Every structure is written in C-alpha cells, then in structure tokens.
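Coordinate analysis (summary)
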Amino acid sequence: ALFRSAAAARLIVRARREARALAERVTTLAFTDRETGLANRPRLSQLVTDALTAGVEPLCLLSLRLRSLDGATRADVPAAAGALLSALPAGWTLARTSPDQFMVLVEHARAADVAIRAQAAWTPVVSRLHARGVALQFGLAESPRDGHTAQMLLFRASARAVPLEFLLASAAGERALDAVA
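This structure is a prediction, so every number in the text was calculated from the model and none was measured.

Tallying each qualifying case throughout the model produces nine salt bridges. Ionic pairing is found between Arg110 and Glu142, a salt bridge with its closest N-O pair at 3.1 Å. Placement of Arg110 in the loop between β3 (101–107) and α4 (111–131) and of Glu142 in strand β4 (residues 134–143) is noted, with a sequence separation of 32 residues between them. Assessed through its relative accessible area of 31%, Arg110 is described here as partly exposed. Under the relative-accessibility criterion, Glu142 is labelled buried at 4%. Across the pair Glu142 and Arg145 runs a salt bridge whose closest N-O atoms are separated by 3.9 Å. What makes Arg145 partly exposed here is its relative accessible area of 43%. Within this structure, Arg110, Glu142, Arg145, Asp146 and Arg160 form a network of salt bridges that share partners.

Let us look at α4. Between the first and last C-alpha of α4 there are 28 Å, a value that for 21 residues agrees with the 30 Å anticipated at 1.5 Å per step. Those residues of α4 not exposed but buried are Ala111, Ala112, Val114, Ala115, Ala118, Ala121, Trp122, Val125, Val126 and Leu129. Downstream of α4 by one or two residues, Gly133 has phi in the positive range, about 90°.

Here we take up the packing of helix α2 (residues 41–53) against helix α5 (residues 150–159). The interhelical angle for the contact between α2 and α5, taken along N-to-C directions, is 120°, at an axis separation of 9 Å. What the angle tells us is that α2 and α5 run oblique. By crossing handedness, the relation of α2 to α5 is classed as right-handed. Listed contacts from α5 to Arg41, Leu44, Ser45, Val48, Thr49 and Leu52 of α2 are Ala150, Gln151, Leu153 and Leu154. Taken together, the residues of the contact of α2 with α5 sort by class into six nonpolar, three polar and one charged.

Conventions used here
- Numbering of residues begins from 1 in every chain and follows the order in which that chain's sequence is written.
- A pLDDT threshold of at least 70 governs which residues receive local features in this predicted model, and a stricter bar of 80 or more applies before side-chain atom pairs are shown or counted, although totals over entire chains, interfaces and linings include all residues.
- Heavy atoms throughout the structure, all of them, feed into the side-chain values; hydrogens and water do not.
- Criterion for a salt bridge: a side-chain nitrogen of Lys or Arg within 4 Å of a carboxyl oxygen of Asp or Glu.
- Only DSSP runs of H or I covering at least 4 residues are called helices, and only runs of E covering at least 2 are called strands; the numbering of each starts at the N terminus.
- Burial here depends on accessible area, computed with a 1.4 Å probe over protein chains only, as a share of the maximum for the residue type. Under 20% is buried, over 50% is exposed, and the range in between is partly exposed.
- Helix span, as expected, comes to 1.5 Å for every residue beyond the first.
- Whenever a helix is involved, its axis is fitted only over the stretch in contact; in every case the axis is a line through C-alpha atoms, and angles between N-to-C directions fall within 0 to 180 degrees.
- Angles are sorted into four bins: roughly parallel if under 35 degrees, roughly antiparallel if over 145, roughly perpendicular if 65 to 115, and oblique for all others.
- Two helices that cross are described as forming a left-handed crossing if the nearer one is turned anticlockwise from the farther one by less than a right angle, and a right-handed crossing if clockwise.
- Should any heavy atoms of two residues lie within 4.5 Å, those residues are considered in contact.
- Residues are grouped as follows: Ala, Val, Leu, Ile, Met, Phe, Trp, Tyr, Cys and Pro are nonpolar; Asp, Glu, Lys and Arg are charged; every other residue, Gly included, is polar.

Here it is, written out as structure tokens:
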C-alpha cells in the first residue's frame, strides 16, 4: 500500500508541475507576438488598463507604424523590432500591436517630452529603415487628455500616425503653450 501511495503522490506532483508549465505556456502564447517575442496588443492593453487603474498620470502611448516608401518593400519586422528595442529608453515598454505597428507605453511622461525623447533615441533607427525603403510614422496619445481607457488611447495613438518631424513640431507647440500657461 505504501508503494502505491508514494507512486500516486509522485504522479500527482508531476501532473501539477505539467499543468503549471502548460498554463505558463498558454499565457506566454496569449500575450506575446510570435515573430518578435514582444508583448502583443492584448498584453499592452492589459498593461495600460493596469496603469490607468493604479492612477498613473500622465501616461503616453507612442505608435510606430512601418510604411513602405515604394509601395512594395516589406519591412523586416524582427530586425525593426530589434532596432527599436535596442534604442528603447529605460522604463519604456515596446509591444507589437499589428503586422506593421509597434506601440510604446510610457508612464509618468507628457506627450511632448515623449516625442523629444523618441526623436533622440530613434533618429538613427529611422535613418537605417529609410535607407532600406521603410518609413516610420509616429502617433501619440496621452491620458487623461486623449482618453481614459486603454482602447481609446490605443485608437488615438494609432490614428495620429505622422512623420517624426510633424510629431516634433507638435511637441514644440505644446511645450510653448505650457510655458505660456
């Protein structure tokens, strides 16, 4: 009887360990982009919701959309992800939200400051991609100004995709208005 209960106990321990490993694998698959290994849109949405629930303010989402310059060039997404990640400022979270789009979550930062830091960090990346026939367009959304939910902020950041120069001009105007106020 002792042999049977020890064997049964080992089987139960093994089954629990396998179930835990399987649950971790399912979670990883559900919240990770397979091609880049980055967080995916559902994971980013969860992170934004968690930050909003915790009262993080301001909170910015920066959208980075890959665009072909000639209409035919397809971006090397893993290479673009690697380049963006290697130049990512500390504390910023990069996610891939669609085949041609990345988003960055930045907590406790105003949109104008995020635009300026993005320009400093990613100008070399933009130049390298441009040389390969791919342009990056940027969009920004800030909470609470642009929305109070993850979905609204994701939508607003995506909808505002412009070249980096336009984003910087907008940031400069926003900073000038802040200085007057």
